[in-house]
Amino acid sequence: MADSAGLQFVSSYAFEAMQKVDVSRLAALSDPELRLLLPCLVRMALCAPADQSQSWAQDKKLILRLLSGVEAVNSIVALLSVDFHALEQDARKEQQLRHKAGGSNGESILVSQLQHGLTLEFEHSDPLRRLRLTLSELLAIMNKVVDSNGEFFLKSSELFESPVYLDEVADVLCILQAELPSLLPIVDVAEALLHVRNGDWFLCLLVANVPDSFNEVCRGLIKNGERQDEESVGGRRRTEALRQLCQMNPSQALNIRAMVVEECHLPGLGVALTLDYRPDTPDEAVSPLVSYVSGLLLGTNSKVRTWFSMFIRNGQQRKRESSSVLWQMRRQLLLELVAILPRSRSTHVPNNSGMEEEPGSGYSGLREEHVVKASALLRLYCALMGIAGLRPTDEEAEQLLQLMTSRPPATPAGVRFVSLSFCKLLAFPTLVSTPEQEQLMVMWLSWMIKEEEYFESAAGVSASFGEMLLLVAMYFHSNQLSSIIELVCSTLGMKIAIKPSSLSKMKTIFTQEIFTEQVVTAHAVRVAVTNNLSATITGFLPIHCIYQLLRSRAFTKHKVSIKDWIYRQLSETTTPMHTQLIPLIDAYINSILTPASKANPEATNQPITEQEILNVFRSAAGGEGSRGGRQRYSITTQLLILYYILSYEENLLASTKQLAMMQRKPKSYSAALMDQIPIKYLVTQAQGLQQELGGLHSALLRLLATNYPHLCLVEDWVCEEEVTGTLPLLRKMMLPSNTCRYTQSQLHQAFQKLPSSSPRLMRILEHLTLLSPGDLIPYAEALTASMALLLEPAVPRRILQTLNKLWMGLNTVMPRRLWVMTVNALQPSAKLLHQQKYTQNDLMVDPLIVLRCDQRVYRCPPLMDIVLHMLNGYLLASKAYLHCHLKETADFDRQTQTVSNLGVPGQPETPEVTREELKNALLSAQDSAAVQLLLEVCLPTSKEQQLGANTESLLSSIRGSVPGKSKQGSLGPRARGGVEDAEPEAGLLSDLREVQCLICCLLHQMFIADPNIAKLVHFQGYPQALLPLTVAGIPSIHICLDFIPELLAQPQLEKQIFAIQLLSYLCTQYALPKSLSVARLAISVMGTLLTVLTRAKRFCFFMPILPCLVSFCQAFPPLYDDVAGLLVQVGQVCASDVATKARDIDPLITRLQYLKEKPRGAVAPGGGSSKLTLPQRMAEELGGADPDVQLCYCVEATFMDIITSTLHGL
């Protein structure tokens, strides 16, 4: 709006005086300044005020005195004397008329019969006509604005352009708006004034006379403005008008700028306001222009970022204009950049090395107070070029390169500046265009390499630019250009589109001139590790560089040992764990096991030594001596080393085939080392630190489940919940701090003096239950060494139970060492004399050693529970041990076999299959032997049999009282009350019964885990007396129904007999359709065998299985006909063999036929079994003479048992 350049605008001083109605400041205004404010002041003096205070009355007098000397006041008073109501009515009528006429400038109600031009008419008119002329012209412009649909136009208006009458027109305009606010909303009037010449001047006068409307007018103008203001004349006029308004009220400039950003309109206005209002700030502070533009381009609002980027792009397409806001902004940024450029050579001598600056180098030191500002400018130029598409001029590019290659002081801000400069070089390599500039960049990069160590030590930061240099060099060597782009964007903090092809020149410089791969590896291994490395340390660290070098196999390629660096870095870790540590360990393990190339199979890294590993775990849980001293290595270090060992062993097993092909066999860590590592304790600690350890805890659990299944027992996890839950925590809180602390020697002495020291021992054990499992570790040896003393008589049961509880608590933190100590402590006294001590390896090779304990343990339930727990663990450990052993040796043996049997087809595969089969056979034999031994433990001893113990009592309540089989020991619980009173050991709560229950629980778990064990054990068979116990006590034994048909098909009579006896108990326990079908099959098999067996075998087969038919009929009454037919058939076969030996055989057959047809008739009316005793007595008399006679009478007795049990069931 250059047309209003010569006019006087309202000053900020005058506007502030009007806002605050400061009469004294108004009185100090000059006459030209006061003239602009007369419309408001006259109205203020003439209108009745709302403020009736005395102070306002005095101010009003001063205003009247001020106005009394101004001649123009009279004309304004005359303007205020007209009838504005009538004027408003005529104006509205004219609006309606124009609306009907379609907006044409025809007949006017406000102005009629203009004899001369609008200016002359205005000069010769009275006040009312002046108001009408101005109002008519203003309404015409406002209507045209409404009809223009946003298209800008410039209305040529003689009334608003004549310099002679501008003051009078402004007076009329202000009075009209003030008196007719509903007809002339000030926002609409302001919008209309943009379309006439001198509109910004009129607009400022209008707002100055209505100062409260400033924000409203500005917001309206911004809201109706263009998205890109410099693209059109209207946008530029609007921007200029708003700039004039802000010059009149500079305190609101930043608020207006905020409105611009909020509406995403007029971006040039926001920049112009920032340029217009630069507060007085110190030289080193970041300028408002840098802060504003950086906030727009780097903020989180993508809409704002796109809007301002479009402003930059569009502004570059136009020819360079000095009046353009964009070029003004670029010139100001360049001035700020030049102002902070170093002007003298640096006098800093880095790290006292005596290295002087070269006289002609041109390098200068950046002043410390300018570093932050320089970093902000660099990021801003990156955003302008990368996000907004700014194309720098030659001058801008030259000055930027000078700034980027300057040398900052060794401060954290200086480290940040160098990192930003380096990333900007990578992001915009076009800044380096001439050979001189390229040489300048190479010298600066060389300076970075030399100064990196000094900067890191002097600045006191962990992440320096040296690591970034190394990382970029490694990415260039491995051609990972996308990783370099991600690194640059991450450091700059913005997403920039960088073409990989643009990095070709930088790649050549890095890989050929500055960082050859050998230089990279040699430099990396000398980089100091990060102290107390954790996730809180951000940026690019040495660990990132080492990880990339490990992945690219640079260390092994150039024979550089990295083991010591990795060990030192793992030793300097803390929580929260850095996310790069686990990938580093994985890459390191891969570099140990896998050669860099097939041509050089020895090109691998060295593993961490066993002694170094032991040093880490020396202060871990497991000994009293470590508890008092300071723990040197953190729990994070110990867990990472544990992860390294487990992962190394797993990868070693997985790679055996490839290693065998290359004739390489890397060393495995010894079992002695693994025994000294408290694996379970460390994993338990990791469980409570899952948030701080990231994914390390889950990775350790995966490795444990694969390689150490005996440390992942389900019952152990459940037990841990009981030990570490809320209740134990509350009990520990109840433990007073000054409580008596017992020593290991006191505990040992209390054990030695049993049973007299039982109360004292109980107090000590109860105290120990309040301690955490970790605090119990020092007492482990004392507790286990004295276990054998608890097997003596008169030891209270409570002591045994408490010891069991303490043992289970210790099992959660040190299971392997605890198991070995326990097994050695429970050896029989004869073995203790020979001082035989088993090792962990012994027990994994032969888990059955656990059961070679003192025989008294088998009748001590709390200790038997411990033994069974260990047995289950060692069976699993043995499986894992044999699997690993097979993997370790199989591939090497097969490779040797392949070499020695060249030309023999199929030969190499045979040993592998045989080894696997042998391993499975060994494991099956091991498991079945354990089961058989445990079942043997369940049998009562001769002494217990004398006391009345009977294994059939478990089924007594289910099977009921079977005639001919009832014994005192198998009575139900109610009928056995007298026996229990006399001999408590024979009751259900005896030690034998408790041990049987514990064993049955373990067998149940084993059968579920591997059903083949159940099949193998039952094919082997076990005493028939244990069948009631196993069927009732092992819930999973119903799976035997699947293979009983196969067992019946075996040629050995013993197995067939065992199958039928087992089936009889299963039918009683599980009366299922499947049981019925198997029972039918068994009866059919018995019928078939009757026809093929010899006389002697028939007696041996049918005598033990005939009572089983009673169970079949009791469980499944529909089988009665089949069973009766079988019994009659057996009787007939036997009778035919002894027909000549006994005269009463024919009557016996007749009786059997009668029992089959009329079973109820065989029972006495009283419900008894009077006929049962006679055949038994006769069988006793004749049995010694002939087995067939015994079998006949046994058949009759079976008939009677079936009938009796059936009638009793009814």
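All figures in this text were calculated on a predicted structure; none of them were measured in a lab.

**Points about the overall build of the protein**
Point 1. A tally of regular secondary structure across the protein gives 66 helices and 0 strands.
Point 2. Split by element, the accessible area of the protein, about 54,400 Å² in all, is 53% carbon and sulfur.

**A look at the packing of aromatic side chains**
Point 1. According to the stated counting rule, one finds 13 aromatic pairs in the structure shown.
Point 2. Judged by centre distance (5.9 Å) and plane angle (35°), the ring pair of Tyr644 and Tyr648 falls under tilted. One end of the pair is Tyr644 and the other is Tyr648, both in helix α35 (residues 635-654) and 4 residues apart, which spans about a single turn.
Point 3. Take Tyr648: its relative accessible area is 0%, and that puts it in the buried class.
Point 4. On the basis of an interplanar angle of 50° and a centroid distance of 6.0 Å, the ring pair of Phe1019 and Phe1043 is categorised as tilted. One end of the pair, Phe1019, is in helix α57 (residues 1011-1020); the other, Phe1043, is in the loop between α58 (1027-1033) and α59 (1044-1048), and 24 residues separate them in sequence.
Point 5. For Phe1019, a relative accessible area of 13% translates into the label buried.
Point 6. By relative accessible area, which is 6% here, Phe1043 ends up buried.
Point 7. Aromatic rings pair up to connect Tyr588, Tyr644, Tyr648 and Tyr669 into one cluster.

**What about the nonpolar core?**
Point 1. Core analysis: the biggest nonpolar cluster contains 380 residues, and Leu245 and Tyr644 have the highest contact counts within it.
Point 2. The biggest single contributor to this core is helix α21 (residues 371-386), with 11 residues.
Point 3. Setting aside chain neighbours within four positions, we find Tyr644 in contact with Ile585, Tyr588, Ile589, Ile592, Pro607, Ile608, Ile613 and Tyr669.

**Things to note about the packing of helix α7 (residues 84-100) against helix α9 (residues 127-147)**
Point 1. α9 packs onto α7 with a crossing angle of 35° between their chain directions and a minimal axis gap of 11 Å. Crossing of α7 against α9: the hand is right-handed. Note on element contacts: α9 touches α7 through Leu131, Arg132, Leu135, Ser136, Leu139, Ala140 and Asn143, opposite Phe84, Leu87, Asp90, Ala91, Glu94, Gln95 and Arg98.
Point 2. A per-class count over the contact of α7 with α9 returns 7 nonpolar, 3 polar and 4 charged.

**Some details on unusual backbone geometry**
Point 1. A cis amide bond links Thr575 to the next residue, Pro576, at an omega of -5°.
Point 2. Along the polypeptide, Pro576 turns up in the loop between α31 (563-571) and α32 (581-593).
Point 3. One non-glycine residue, Val21, lies in the positive phi region at around 50°.
Point 4. Locating Val21 in the fold gives a position in the loop between α1 (12-20) and α2 (23-27).

**So, the pattern of salt bridges**
Point 1. On inspection of all chains with the given rule, the structure shows 28 salt bridges.
Point 2. Linking Glu916 and Lys919 is a salt bridge whose minimum nitrogen-to-oxygen distance equals 3.3 Å. You can see Glu916 and its partner Lys919 sitting in helix α52 (residues 909-938), 3 residues apart, about one turn around the helix.
Point 3. With relative accessibility at 12%, the residue Lys919 sits in the buried group.
Point 4. Notably, a salt bridge pairs Asp1122 with Arg1080, separated by 3.4 Å at the nearest N-O pair. Taken together, the residues Asp1122 in helix α63 (residues 1120-1137) and Arg1080 in helix α61 (residues 1073-1092) connect sequence positions 42 residues apart.
Point 5. You can call Arg1080 partly exposed: its relative accessible area is 40%.
Point 6. Connected via shared salt-bridge partners are Glu16, Lys20 and Arg25.

**What to know about empty space enclosed by the protein**
Point 1. In the structure shown here, the tally under the stated rule is 5 cavities of 30 Å³ or more.
Point 2. In this structure, the second largest cavity occupies an estimated 40 Å³ of space.
Point 3. For the second largest cavity, the full set of lining residues is Arg35, Leu36, Pro39, Asp167, Ala170, Asp171, Cys174, Trp201, Leu205 and Asn209.
Point 4. Among the secondary structure elements, those contributing two or more residues to the lining of the second largest cavity are α3 (31-36), α11 (166-179) and α13 (199-209).
Point 5. Of the residues forming the lining of the second largest cavity, the biggest block, 4 residues, is contributed by α11.
Point 6. Each residue belonging to the lining of the second largest cavity can be placed in one class, and the counts come to 6 nonpolar, 1 polar and 3 charged.

**So, helix α16 (residues 253-263)**
Point 1. Those residues of α16 that sit buried are Ala253, Ile256, Arg257, Met259, Val260, Val261 and Glu263.
Point 2. Buried residues along α16 sit in contact with α14 (214-223), α15 (233-248), α17 (267-276), α18 (288-298) and α19 (302-317).

**Examining the environment of Asn651**
Point 1. As for its placement among the helices and strands, Asn651 is situated in helix α35.
Point 2. On the basis of relative accessible area, Asn651 is assigned to the partly exposed category, the value being 30%.
Point 3. As for Asn651 and Ile589, which are separated by 62 residues in sequence, their C-alpha atoms are 7.8 Å apart.
Point 4. Leave out the neighbours within four places in its chain, and Asn651 touches Ile589 and Leu593.

**Looking at the packing of α61 against α63**
Point 1. Here α61 crosses α63 at 15°, and the two axes come no closer than 11 Å. Relative to α63, the element α61 is oriented roughly parallel. Crossing of α61 against α63: the hand is left-handed. Note on element contacts: α63 touches α61 through Asp1122, Val1123, Leu1126, Gln1129, Val1130 and Val1133, opposite Arg1080, Ile1083, Met1086, Gly1087, Leu1090 and Thr1091.
Point 2. By residue class, the composition of the contact of α61 with α63 is 7 nonpolar, 3 polar and 2 charged.

**Observations concerning the side chain of Asn872**
Point 1. You can see Asn872 is positioned in helix α51 (residues 861-900).
Point 2. In this view, Asn872 contacts Leu713, Glu715, Leu1002 and Gln1005; residues no more than four positions away in its chain are not counted.

**Let's talk about a nonpolar patch on the surface**
Point 1. A cluster of nonpolar side chains, Phe152, Leu154 and Val233, forms an exposed patch at the surface whose accessible area comes to about 230 Å².
Point 2. By the element assignment, Val233 lies in helix α15.
Point 3. Among the residues examined, Val233 registers a relative accessible area of 48% and is labelled partly exposed.

**A look at α31**
Helical geometry: 3.6 residues make up each α-helical turn, so side chains three or four residues apart lie on a common side.
Point 1. The element α31 is largely enclosed, with a buried count of 7 among its 9 residues.
Point 2. Listed as buried for α31 are Lys563, Trp565, Ile566, Tyr567, Gln569, Leu570 and Ser571.
Point 3. At its buried positions, α31 is contacted by α28 (517-526), α29 (542-551), α32, α33 (610-617) and α35.

**Describing the state of the cysteines**
Point 1. Under the defined criterion, the tally for this structure stands at 0 disulfides.
Point 2. With no disulfide of its own, Cys1000 lies 5.5 Å from the sulfur of Cys938, the closest cysteine sulfur.

**What to know about the side chain of Asp171**
Point 1. Mapped onto the fold, Asp171 is located in helix α11.
Point 2. By relative accessible area, which is 4% here, Asp171 ends up buried.
Point 3. Once residues within four sequence positions are removed from consideration, Asp171 is found in contact with Arg35, Pro39, Ile76 and Leu79.

**Re the confidence of the model for the protein**
Do not read the fine detail of predicted coordinates wherever pLDDT is low.
Point 1. Of the residues in the protein, 80% reach a pLDDT of 70 or more, and the chain-wide mean stands at 79.
Point 2. The model gives residues 621-631 a pLDDT under 50, and that stretch makes 16 contacts with residues more than four places away or in other chains.

Rules and cut-offs
- Within each chain, residues carry numbers counting from 1 in the order of the written sequence.
- Local features are withheld for residues below a pLDDT of 70 in this predicted model, meaning they are given only at 70 or higher, and side-chain atom pairs are given and counted only at 80 or more; totals for whole chains, interfaces and linings count all residues.
- Neither water nor hydrogens contribute to the side-chain values; these are computed over all heavy atoms in the structure.
- Per the convention used, a helix needs a DSSP run of H or I reaching at least four residues, while a strand needs a run of E reaching at least two, with both numbered from the N terminus.
- Computed with a 1.4 Å probe, the accessible areas rest on the Shrake-Rupley method; for each residue, only the protein chains presented here act as cover.
- Any two rings among Phe, Tyr and Trp, with Trp reduced to its six-membered ring, count as a pair given centres within 6.5 Å; such a pair is stacked if its planes are under 30 degrees apart, edge-to-face if over 60, and tilted if neither.
- With a 1.4 Å probe rolled over the protein chains alone, any residue whose accessible area is under 20% of its type maximum counts as buried; one over 50% counts as exposed, and the rest are partly exposed.
- Definition used in this section: a nonpolar core is a set of buried Ala, Val, Leu, Ile, Met, Phe, Trp, Tyr and Cys residues joined via side-chain atoms within 4.5 Å.
- By the convention used here, residues are in contact when the closest approach between their heavy atoms is within 4.5 Å.
- Angles here are taken between N-to-C directions and fall from 0 to 180 degrees, while the axes themselves are lines fitted to C-alpha atoms, restricted in helices to the stretch in contact.
- By definition, any crossing whose near helix is turned counterclockwise from its far helix by less than a right angle is left-handed, and any crossing with a clockwise turn is right-handed.
- Amino acid classes used here: Ala, Val, Leu, Ile, Met, Phe, Trp, Tyr, Cys and Pro are nonpolar; Asp, Glu, Lys and Arg are charged; the rest, including Gly, are polar.
- Should a side-chain nitrogen of Lys or Arg be within 4 Å of a carboxyl oxygen of Asp or Glu, the pair is scored as a salt bridge.
- For cavity detection a 1 Å grid was placed over the protein atoms alone, and a set of points counts as a cavity when a 1.4 Å probe fits there but cannot get out; an open set counts as a pocket when protein lies on both sides within 12 Å along at least five of seven lines, with lining residues being those that have an atom within 4 Å of a point.
- Grid points are joined across faces, edges and corners, and a volume is the space filled by probe spheres set on the points.
- Here roughly perpendicular refers to angles of 65 to 115 degrees, roughly parallel to angles under 35, roughly antiparallel to angles over 145, and oblique to all remaining angles.
- Each patch is assembled from residues with relative accessible area greater than 30% and no salt bridge, linking like charges that lie within 9 Å and nonpolar side chains (Val, Leu, Ile, Met, Phe, Trp, Tyr) that lie within 5 Å.
- Disulfides are defined as cysteine sulfur pairs within 2.5 Å.
- Each residue carries a pLDDT score, the predictor's own confidence in it, on a scale running from 0 to 100.

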